[in-house]
Amino acid sequence: TTMEAALDHGDFTAYLQPKCDFATGQMRGAEALVRWNRLAEGIVRPDDFIPIFEKNGFILRLDMFILESVARLLAAWKVKGLETVPVAVNFSRLHLNDARYIPQMLRLVDKYNVPHEMIEVELTESVIFNNLTRAQDVITRLHRNGFSVAMDDFGSGYSSLNVLKSLQFDSIKLDKEFLAGFEDNPHAHKVIEGAVSMIKSLGIQVVAEGVETREQADFLRQTGCDLAQGYFFSRPLPADRFETLLKKSTPPAA
Ligand code: C2E
Ligand code: CA
Ligand code: CA
């Protein structure tokens, strides 16, 4: 099929977007985002194909392909002596019902001898809400294996607070809709401030997504938000350009 052939041809690639410290701008992590390079259309973004791959199940293979790409990159950077950062991989809700999920993760990450704490799993809120017990079980097993787990798209659905109550996340990513149009909306300021302080009081790291302007960055820093991800800091980058950033932040060898 087209998808399988595309995978074999290397038409799918992982772009990487930095997660930066609000105060210093320093990179502390990254998120891998899949891109499909189609001859006719050029680079296609995931919103156009992920829903289809979730229907036909191909997403299970694609997510593992992205995980393997990330593990390979982390190993290569280490060989080059670069100071690496933990990289987050998005996993579709379909994995939660797949007994092979964690064994497959372990096989791919261990194949490249990547320390498990360098891999973060991003699960979206809606995923989790569909089956809380199942999610709880998977998160516990990911933790036991040394992986960290982030809740993605916090605040986009109805379930965020209930999910927070029941599950152990290492970090929470505020959905970019949270920030949309906040400039002239006093309620939005209060809601963001409240969410950040509540999450922090649970000892969970807060990551703001979709930070596009200096005003947003300044405001979020004041709320105590830990990390920023967004065009204001950096767009998602192909691996070679991301590597250039790592080189800049690695101190020269003594
Ligand atoms: P997401 O996980 O919420 O990822 C963040 C999205 O916001 C990315 O869109 C990113 O490019 C975009 N973004 C980053 N900074 C900004 C900003 O400042 N402003 C705006 N407007 N957008 C920003 P992208 O790469 O198109 O990915 C869309 C969604 O597709 C992701 O949303 C994620 O849910 C899904 N996705 C991406 N890669 C994978 C993957 O490998 N596996 C799975 N299962 N899903 C993936
Ligand atoms: Ca994500
Ligand atoms: Ca998100």
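Up top you'll find the structure we're talking about.
All of the points below concern the structure found in this document. The model shown is predicted, which means the values in this text are computed figures rather than measured ones.

Scoring rules and cut-offs
- Within every chain, residues take consecutive numbers counted from 1 along the sequence as written.
- Whichever chain is written first becomes A and whichever ligand is written first becomes 1, with later ones labelled in order.
- It should be noted that, the model being predicted, local features are given only for residues of pLDDT at least 70 and side-chain atom pairs only at 80 or more, the latter also being counted only at that level, while totals for whole chains, interfaces and linings use all residues.
- Each side-chain value is worked out from all heavy atoms of the structure, with water and hydrogens disregarded.
- Residue types Ala, Val, Leu, Ile, Met, Phe, Trp, Tyr and Cys, when buried and joined through side-chain atoms within 4.5 Å, form a set referred to as a nonpolar core.
- Only protein chains enter the calculation, and the probe is 1.4 Å; a residue is then buried if its accessible area is under 20% of its type maximum, exposed if over 50%, and partly exposed in between.
- Elements are defined by DSSP. Helices are runs of H or I of four residues or more, strands are runs of E of two residues or more, and each kind is numbered from the N terminus.
- The contact rule is simple, with two residues in contact once any of their heavy atoms fall within 4.5 Å.
- Note on method: axes are straight lines fitted to C-alpha atoms, helices fitted across the in-contact stretch only, with angles between N-to-C directions ranging 0 to 180 degrees.
- Comment on the angle field: the value is read as roughly parallel under 35 degrees, roughly antiparallel over 145, roughly perpendicular from 65 to 115, and oblique elsewhere.
- It is the rotation of the near helix from the far one that decides the hand of a crossing: anticlockwise by less than a right angle makes it left-handed, clockwise makes it right-handed.
- Side-chain classes follow a simple rule in which Ala, Val, Leu, Ile, Met, Phe, Trp, Tyr, Cys and Pro form the nonpolar group, Asp, Glu, Lys and Arg form the charged group, and the remainder, Gly included, forms the polar group.
- Here the coordinating atoms are restricted to nitrogen, oxygen and sulfur within 2.8 Å of the metal centre, or 3.2 Å for Na, K and Ca, and because water is not among them the sites may look incomplete.
- Residues are classed as near a molecule or strand on a simple rule: at least one heavy atom within 4 Å of it.
- The definition of a polar contact used here is a pair of N or O atoms within 3.5 Å, where within protein one atom must be able to donate a hydrogen and the other to accept one, and adjacent residues in sequence count solely through side-chain atom pairs.
- Accessible surface is estimated by sampling points in the Shrake-Rupley manner with a 1.4 Å probe; for residues, cover comes only from the protein chains shown.
- Every definition here rests on a 1 Å grid over the protein atoms only: cavities are sets of points where a 1.4 Å probe fits but cannot get out, pockets are open sets enclosed by protein on both sides within 12 Å along at least five of seven lines, and lining residues have some atom within 4 Å of a point.
- Any molecule with more than half of its atoms within 2 Å of a cavity's or pocket's grid points is regarded as sitting in that cavity or pocket.
- An expected span of 1.5 Å times one less than the residue number is assigned to each helix.
- As used here, the arc belongs to the directions running from the helix axis to the C-beta atoms.

1. Side note on the nonpolar core
Stage number 1. Core analysis: the largest hydrophobic core is formed by 79 residues, its most contacted members being Phe 12 and Met 105.
Stage number 2. At eleven residues, helix α3 (residues 58–79) tops the list of elements feeding residues into this core.
Stage number 3. Contact partners of Phe 12, with chain neighbours within four places excluded, come to Met 3, Ala 6, Leu 7, Val 34, Arg 35, Trp 36, Phe 49, Phe 53, Phe 58, Leu 62 and Phe 65.

2. Observations concerning the packing of helix α4 (residues 101–111) against helix α6 (residues 132–144)
Stage number 1. The N-to-C vectors of α4 and α6 enclose an angle of 25 degrees; their axes lie 11 Å apart at closest approach. If you check the angle between α4 and α6, you find them roughly parallel. Handedness of the α4/α6 crossing: right-handed. Between α4 and α6, the contacting residues are Tyr 101, Ile 102 and Met 105 on the first element and Val 138, Arg 141 and Leu 142 on the second.
Stage number 2. Its residues assigned to classes, the contact of α4 with α6 shows five nonpolar, no polar and one charged.

3. Things to note about the coordination of the calcium ion (ligand 2)
Stage number 1. Within the protein, the calcium ion (ligand 2) binds to Glu 31 (OE), Asn 90 (OD1), Glu 122 (OE) and Asp 152 (OD); these donor distances fall in the range 2.2 to 2.3 Å.
Stage number 2. All donor residues of the calcium ion (ligand 2) come from one chain, and their arrangement in sequence is E-x58-N-x31-E-x29-D.
Stage number 3. Separating the calcium ion (ligand 2) from the calcium ion (ligand 3) is a distance of 4.5 Å, and Asp 152 supplies a donor atom to each of them. One end of the pair, Asn 90, is in strand β4 (residues 87–90); the other, Glu 122, is in strand β5 (residues 119–124), with 32 residues separating them in the sequence.
Stage number 4. Residue Asn 90 is classed as partly exposed on the basis of its relative accessible area, which comes to 24%.

4. So, the site of ligand 1
Stage number 1. Lining the immediate environment of ligand 1, one finds 24 residues, of which Arg 35, Asp 63, Asp 152, Glu 212 and Tyr 231 sit closest.
Stage number 2. Between ligand 1 and Glu 209, the relevant distance is 3.5 Å, taken from an oxygen atom to a side-chain nitrogen or oxygen of the residue.
Stage number 3. Contacts to ligand 1 include Tyr 231, whose backbone N or O atom sits 2.7 Å from an oxygen atom.
Stage number 4. In the complex, the protein chains occlude 90% of the 800 Å² of accessible area that ligand 1 would expose alone.
Stage number 5. Structurally, ligand 1 is housed in the largest pocket.
Stage number 6. Residue assignment for the shell around ligand 1 shows that the elements contributing at least two residues are β2 (27–38), α3 and β6 (148–154).
Stage number 7. With four residues, the single largest contributor to the shell around ligand 1 is β2.

5. Brief notes about α6
Stage number 1. Its 13 residues place the ends of α6 18 Å apart at the C-alpha level, agreeing with the 18 Å of an ideal helix rising 1.5 Å per residue.
Stage number 2. Among all positions of α6, only Ala 135, Val 138, Ile 139 and Leu 142 are buried. Around the axis of α6, the buried residues are gathered within 100 degrees of arc, so they sit on the same side. Away from its buried face, by an angle of more than 90 degrees, α6 presents the exposed residues Thr 133 and Arg 144.
Stage number 3. Gly 146 sits one or two residues past α6 and shows a positive phi near 85 degrees.

6. Side note on the coordination of the calcium ion (ligand 3)
Stage number 1. The protein atoms that coordinate the calcium ion (ligand 3) are Asp 152 (OD), Asp 153 (OD), Glu 209 (OE) and Glu 209 (OE), at distances spanning 2.1 to 2.7 Å.
Stage number 2. All donors of the calcium ion (ligand 3) belong to a single chain; written as a sequence motif, their spacing is D-D-x55-E.

7. A word on the environment of Phe 242
Stage number 1. With respect to the element layout, Phe 242 can be found in helix α11 (residues 239–249).
Stage number 2. Residue Phe 242 is classed as buried on the basis of its relative accessible area, which comes to 0%.
Stage number 3. Once the C-alpha coordinates of Phe 242 and Leu 227 are considered, the two residues, 15 residues apart in sequence, prove to be 18 Å apart.
Stage number 4. When neighbours within four sequence positions are excluded, Phe 242 is seen to be in contact with Leu 16, Pro 18, Met 27, Ala 30, Trp 77, Val 85 and Leu 237.

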